[in-house]
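Spelled out from the first residue to the last, the chains are:
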Amino acid sequence: MALKLHGIPMSTCTTRVLTCLHEKGLDFELVPVNLFAGEHKQPPFLAKNPFGQIPVLEDGDFTLFESRAITAYLAEKYKETGCDLLRHNDLKEAALVKVWLEVESQHYYPAIYQIVYQFFALPLQGKTADQAIIDVNLEKLGKVLDVYEARLGTTKCLAGDFYSLADLHHLSYTYYFMKTPWASLINSRPNVKAWWDDISSRPAFKKVAEGMTFGEK
Amino acid sequence: MATPVKVYGPPMSTAVSRVLACLLEKDVNFQLIPVDMSKGEHKKPDYLKIQPFGQVPSFQDESISLFESRAICRYVSEKYANQGNKRLYGTNPLEKASIEQWLEAEGQSFNPPSSALVFQLAFAPRMKLKQDLGVIKQSEEKLAKVLDVYEQRLGESRFLAGDEFTLADLSHLPNTQYLVSVTEKGEMFTKRKNVGRWWSEISGRDSWKKVVDLQKAPPPKSA
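Since the structure is predicted, the reported quantities are computational estimates derived from the model, not experimental observations.

Turning to the overall build of chain B, a few remarks are in order. Of regular secondary structure, chain B possesses 10 helices and 4 strands. Secondary structure elements of chain B occur, N-terminal to C-terminal, as β-α-β-α-β-β-α-α-α-α-α-α-α-α. Relative to a compact globule of 223 residues, whose C-alpha radius of gyration would be 17 Å, chain B shows 17 Å and is just as compact. Within chain B, the fraction of its 223 residues that count as buried is 56%. Contacts in chain B between residues far apart in sequence, at least 24 positions, make up 65% of those at least 6 positions apart.

Shown next as structure tokens:
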């Protein structure tokens with residue numbers, strides 16, 4: 001099979017790519033990586049991604065890491081198939097997708113990552129979550145969500161009145177965030193909540209969410 | 001002749017300088033419009049309309065208004081693909097994907113620790129703010145690990161994404177410029193053989209030298 005994705009079904013970054021693959025209706029193989037055995041930090045894997053992280057995409061002989069680079073590659077290669085994630089036929093729409101992709105990457109993700117990491121990942125390592133770190137990041141995330149609330153009062157989705165890759169990139173971390181005690185940050189903002197309900201109910205994501213069992217017994 | 005694009009923000013801002021470097025590489029005419037951050041202009045309602053996070057740069061190309069420096073760079077590189085440095089964003093999908101991979105590595109792995117160090121070591125003293133030694137130590141450790149990966153990569157490849165200078169390399173210029181020229185952490189780059197060689201090459205480009213000149217120019221007098 002041409003497309004191979006190295007990763008695991010519960011990983012946020014792997015699921016970012018899985019959702020994109022499903023939105024495009026692509027065939028692929030998910031090749032598990034044994035994180036608990038440290039497979040991602042050993043030489044055969046490091047040859048694919050020197051940063052020792054999942055996921056990694058293999059498309060025939062071509063190897064790619066960084067989930068947002070992988071989704072961008074897939075969205076562009078298969079731009080005429082499935083959902084139009086990049087809005088490539090409209091210069092202005094495509095430009096706004098680029099903007100909100102970076103907003104996720106530089107504003108939303110750094111705050112939400114810390115909360116999800118502290119709440120889900122640390123207990124698995126036998127450590128307790130640092131509430132001070134969580135609190136600082138809840139405040140940061142709240143400010144970002146205020147901007148989103150205003151934006152989503154003017155457009156249906158982030159880049160415009162259309163679903164795009166920018167919205168898709170928010171799904172994985174937000175899904176886990178909604179299982180923390182602080183889901184009210186989303187639920188208390190009506191425009192953000194409506195947007196979240198809309199994008200998280202897309203069939204492509206629901207398929208992926210079934211495997212997102214982090215934190216469940 | 002096309003209307004010059006507009007870039008709002010001071011050239012000393014790392015994010016503004018990232019965009020300027022890209023515009024110069026692509027031979028795109030631009031107008032640099034000052035934003036007086038010392039007077040909080042970037043946090044006022046008029047500015048927040050064009051950049052809701054209250055940051056610089058923001059950017060205008062006729063009716064298209066954008067923000068986030070890396071988004072602006074990608075937009076400029078795509079729209080003006082056929083002028084200036086035509087290899088900046090790749091000439092085929094695989095080249096572009098490789099550039100995106102290293103541009104993401106910059107944004108996700110290189111930028112957080114390097115920009116923390118730039119703030120702590122280059123800006124905090126000027127702003128008379130207390131430095132956080134814990135943050136400095138942690139950031140240096142993180143950056144060292146990233147630069148070890150770069151050292152290996154740049155031993156296999158002349159530039160990050162391949163044999164040509166691309167947007168991926170360009171994106172590293174602003175933070176590294178500060179670290180090398182005004183802090184004592186420059187050694188992290190210059191003492192690594194391949195990283196040092198790469199830094200010399202990319203910072204020696206005409207486009208970057210012009211940006212550094214713009215950074216050194218005295219700020220415009222406020223009205």
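Moving on to the domain arrangement of chain A. Residues and elements named next belong to chain A. Once the domains are mapped, chain A shows domain 1 (3–78) and domain 2 (91–202). In this structure, domain 1 and domain 2 have C-alpha centres spaced 22 Å apart. In this assembly, 12 residues from domain 1 lie in contact with 12 residues from domain 2. Buried surface at the junction of domain 1 and domain 2, summed over both partners, amounts to about 1,100 Å²; 57% is from carbon and sulfur atoms. Of all residues in domain 1, the largest losses of buried area upon contact with domain 2 belong to Thr12, Arg16 and Arg68, amounting jointly to 50% of the total for that side. Note that Arg68 and Glu104 form a salt bridge whose closest N and O atoms lie 2.8 Å from each other. Connecting domain 1 to domain 2 are 10 residue pairs in polar contact (both at pLDDT 80 or more). For the side of domain 1 that touches domain 2, the secondary-structure elements that each account for two or more residues are helix H1 (12–23) and helix H3 (67–77).

Time to look at the environment of B:Leu170. Residue and element names in this part refer to chain B. Of note, Leu170 is situated in helix H6 (residues 167–170). Given a relative accessible area of 0%, Leu170 falls into the buried group. Sequence separation of Leu170 and Cys73 is 97 residues, and the distance between their C-alpha atoms is 9.7 Å. Apart from residues no more than four positions distant in its own chain, Leu170 is found in contact with Arg18, Ala21, Cys22, Glu25, Leu88 and Phe165.

Let's shift gears to the confidence of the model for chain B. Interpretation of the predicted coordinates at a detailed level should be avoided for regions scoring low in pLDDT. Taken over all residues, the pLDDT of chain B has a mean of 96, while the share at 70 or more is 98%. Interface confidence in the predicted complex, given as ipTM, is 0.97; pTM for the same model is 0.97.

Helical geometry: 3.6 residues make up each α-helical turn, so side chains three or four residues apart lie on a common side. All names here are of chain A. Across its 12 residues, H1 extends 17 Å between first and last C-alpha, which sits within 8% of the 16 Å expected from 1.5 Å per residue. Burial runs high along H1: 11 of the 12 residues are buried. Of all the residues in H1, the buried ones are Thr12, Cys13, Thr14, Thr15, Arg16, Val17, Leu18, Thr19, Cys20, Leu21 and Glu23. For H1, the capping residue at the N-terminal end is Ser11, with a side-chain oxygen 3.3 Å from the backbone nitrogen of Cys13. Positive backbone phi, at 65°, marks Gly25, one or two positions downstream of H1.

This brings us to the pattern of salt bridges. Residues and elements named next belong to chain B. Throughout the structure, instances matching the rule amount to 33 salt bridges over all chains. The salt bridge partner of Arg197 is Glu201, with a shortest N-O separation of 3.3 Å. Here Arg197 and its partner Glu201 are both found in helix H9 (residues 193–203), 4 residues apart, which amounts to about one turn of the helix. According to the relative accessible area criterion, Arg197 is partly exposed, its value standing at 30%. You can call Glu201 partly exposed: its relative accessible area is 28%.

Here we take up the side chain of A:His107. Within the secondary structure, A:His107 is located in helix H4 (residues 91–124). Within the local environment of A:His107, its side chain forms a polar contact with the side chain of B:Gln55, the two groups lying 3.4 Å apart. Beyond its immediate chain neighbours, meaning those up to four positions away, A:His107 contacts A:Glu102, A:Val144, B:Phe53, B:Gln55 and B:Glu68.

Contacts between chain B and chain A engage 32 residues on the former and 27 residues on the latter. Counting each side, the surface lost to burial between chain B and chain A is near 2,700 Å², with a carbon and sulfur contribution of 69%. Contact with chain A buries surface across chain B, with B:Phe53, B:Gln101 and B:Gln108 losing the most and accounting together for 23% of the total. On the surface where chain B and chain A come into contact, there are 3 salt bridges. One salt bridge in this structure joins A:Lys98 and B:Glu78, with 2.9 Å as the shortest N-O distance. On the surface where chain B and chain A come into contact, there are 9 residue pairs in polar contact (both at pLDDT 80 or more). At the level of elements, strand E4 (64–67), helix H3 (69–79), helix H4 (93–123) and helix H5 (133–156) of chain B are the ones that each hand at least two residues to the side of chain B that touches chain A.

Here we come to the domain arrangement of chain B. Buried accessible area, meaning the area lost when the parts come together, often serves as the stated size of an interface. Residues and elements named next belong to chain B. We note that the domain assignment places domain 1 (3–85 + 207–214) and domain 2 (91–204) within chain B. Taking the mean C-alpha position of each, domain 1 and domain 2 sit 21 Å from one another. The partner domain 2 presents 21 residues to the 16 residues of domain 1 that form the contact. Across the domain 1 to domain 2 interface the summed buried area is about 1,500 Å²; carbon plus sulfur atoms make up 59%. Of all residues in domain 1, Arg70, Arg74 and Trp208 give up the largest surface area on contact with domain 2, accounting jointly for 40% of the area buried on that side. Taken together, domain 1 and domain 2 are joined by 5 salt bridges. Glu100 is the salt-bridge partner of Arg74, the closest N and O atoms lying 2.8 Å from each other. Summed over the shared surface of domain 1 and domain 2, the result is 8 residue pairs in polar contact (both at pLDDT 80 or more). Only helix H1 (14–25), H3 and helix H10 (206–216) provide two or more residues apiece to the side of domain 1 that touches domain 2. With 6 residues, H1 is the largest single contributor of residues to the side of domain 1 that touches domain 2.

The rules behind these values
- Residues numbered from 1 in each chain as written.
- Chains lettered and ligands numbered in written order.
- Predicted model: local features only at pLDDT ≥ 70, side-chain atom pairs only at ≥ 80, totals over all residues.
- Heavy atoms only, no water.
- Helix = DSSP H or I, 4+ residues; strand = E, 2+ residues; numbered from the N terminus.
- Rg over C-alpha atoms; globule rule 2.2 N^0.38 Å.
- Buried < 20%, exposed > 50% of the residue type's maximum accessible area, 1.4 Å probe, protein only.
- Contact = heavy atoms within 4.5 Å.
- Domains from an automatic or database assignment.
- Buried area = accessible area lost by both parts, 1.4 Å probe.
- Salt bridge = Lys/Arg side-chain N within 4 Å of Asp/Glu carboxyl O.
- Polar contact = N/O pair within 3.5 Å; in protein donor to acceptor, adjacent residues only side chain to side chain.
- pLDDT = per-residue confidence, 0-100.
- Expected span 1.5 Å × (residues − 1).

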